[in-house]
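The lines below spell out each chain.
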Amino acid sequence: MSRAIIAGTGSALPDRVLTNRDLERMVETSDEWITSRTGINTRRISGAGEGTSRLAAAAGRKALAMAGVDPGELDMIVVGTITPDMTMPSCACLVQKELKAVRAFAFDLNAACSGFLYALDLADKYIRSDPSLKILVIGAETLSSRVDWQDRNTCVLFGDGAGACLVTGGAGERGYLAGKLMADGSLWELLHLEAAPGHNRDLRPNHDSSPSIRMQGREVFRHAVRAMEDAVTRVLNATGVKAESLRLVIPHQANIRIIKSLAEHLGLPPEKVYVNVDKYGNTSAATIPIALDEANRAGLLAPDDLVMFCAFGGGFTWGASLLKW
Ligand code: UT7
């Protein structure tokens, strides 16, 4: 049976770096609070020409180059994002245009911070039906455009960026071994971002005209820790893989305390759990593919290594997936 393999990775980050010291001048916060409560030191903020689709295309181009695949060979582009440039067309269509991937069909997927995980799982299902497909799976966000820069509860947490994988069919035992995706819409209010209000007054909620991300951080934290640990455990149990056999866990990068709790739960040493939340903050659907690209380019992954991804985000959505590299 053929399963999805990742043949190339890429990432793209805006140039501008926003430090905790910069934030101290914007809201009532401190470098000490942000570092100790989140592990974040800096994050990247998009400027002109660095919209979500541009970052996504730049990351995609690098993944294609690494895999030695021409954009014209792509069959499908899927972008996990909650911050597309436009509601219509999708970010994925803009990426298709930018890359001149003329043969590819393209669409966005909204699963918040779990977007990349959901998209990768979907790509695997396509590959299982046709292993010759070449699929670009991207997580891309410009959360700086949807954050309330006066709300210290959220504005210190998020950043912009994109990561991409070129996915195709592999031979033998390598590739996507298993995934477990979950959702609980009943808890949506704890972490949400309203759509821009429309023109139908009856349907229009009574809120401001440019909504921002709202989060009840402590509650979300509690759910995130439990949910990611549970998802990883389920995937390990389903595959019979022991936690100590994992070469690398790449978790969603929201908070260093969540990541440390996960590592502890799995009994893994710090070097087996990838962390870059200090540099980029929470880039939602982009955290895992950016981290994967960094780990890959740093030579942290060798053929047949077992790699676990796990994420948690608005919806709630969450899950985990296991790959043999
Ligand atoms: O990516 C999707 C999933 N998202 C997550 O997983 C995020 C989960 N949540 C978190 O990472 C953490 O809950 C936060 C980092 C958001 C907050 O950390 P916390 O330790 O849970 O703090 P808290 O919300 O309980 O707030 C503690 C105190 C409060 O003051 P009082 O009420 O104790 O006086 C806050 O008002 O810290 C205050 N506070 C701040 N102080 C300085 C909140 N934000 C800030 C800030 N600077 N930026």
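Structure's up top.
Quantities reported herein were computed from a predicted structural model and do not represent experimental measurements.

### A short note on the pairing of strand E13 (residues 317-324)
Remark: a regular strand shows side chains that alternate across the two faces of the sheet.
Then step 1. The element E13 is extensively covered by neighbouring structure, given that seven of its eight residues are classed as buried.
Then step 2. Across eight bridges, the pairing between strand E8 (residues 175-183) and E13 is antiparallel. Bridging across to E13, Met182 finds its partner in Trp318.
Then step 3. Sheet topology note: the strand E12 (residues 306-313)/E13 ladder contains eight bridges and is antiparallel. From the neighbouring strand, Ala311 faces E13, where its bridge partner is Gly319.
Then step 4. Connecting E12 to the next strand, E13, in antiparallel fashion are three residues, including Gly315 with a positive phi near 140°.

### Focus: the site of the ligand
Then step 1. Around the ligand, 25 residues are found, and the nearest of them are Thr29, Arg37, Arg218, Asn255 and Asn282.
Then step 2. One of the side-chain N or O atoms of Thr29 is found 2.7 Å from a nitrogen atom in the ligand.
Then step 3. Taking His252, its side chain carries an N or O atom lying 2.8 Å from an oxygen atom of the ligand.
Then step 4. Protein contacts shield 77% of the accessible area of the ligand, which totals 950 Å² for the unbound molecule.
Then step 5. The set of elements that each furnish at least two residues to the shell around the ligand consists of helix H2 (31-38), helix H6 (152-155), helix H7 (217-239), helix H8 (256-266) and E12.
Then step 6. Looking at the shell around the ligand, its residues break down into twelve nonpolar, eight polar and five charged.

### Quick word on unusual backbone geometry
Then step 1. With an omega dihedral of 0°, the bond running from Met88 to Pro89 counts as a cis peptide bond.
Then step 2. Here Pro89 shows up in the loop between strand E4 (76-80) and helix H4 (91-99).
Then step 3. With an omega dihedral of -15°, the bond running from Gly315 to Phe316 counts as a cis peptide bond.
Then step 4. Mapping Phe316 onto the fold places it in the loop between E12 and E13.
Then step 5. At Asp304, a residue that is not glycine, the phi angle is positive and equals roughly 80°.
Then step 6. Within the element layout of this structure, Asp304 appears in the loop between helix H10 (287-297) and E12.
Then step 7. Take Asp304: its relative accessible area is 45%, and that puts it in the partly exposed class.

Reading the values: the criteria
- Residues numbered from 1 in each chain as written.
- Predicted model: local features only at pLDDT ≥ 70, side-chain atom pairs only at ≥ 80, totals over all residues.
- Heavy atoms only, no water.
- Buried < 20%, exposed > 50% of the residue type's maximum accessible area, 1.4 Å probe, protein only.
- Helix = DSSP H or I, 4+ residues; strand = E, 2+ residues; numbered from the N terminus.
- Pairing = 2+ DSSP bridges.
- Near = heavy atom within 4 Å.
- Polar contact = N/O pair within 3.5 Å; in protein donor to acceptor, adjacent residues only side chain to side chain.
- Areas by Shrake-Rupley, 256 points an atom, 1.4 Å probe, with all protein chains shown as cover.
- Nonpolar A, V, L, I, M, F, W, Y, C, P; charged D, E, K, R; others polar.

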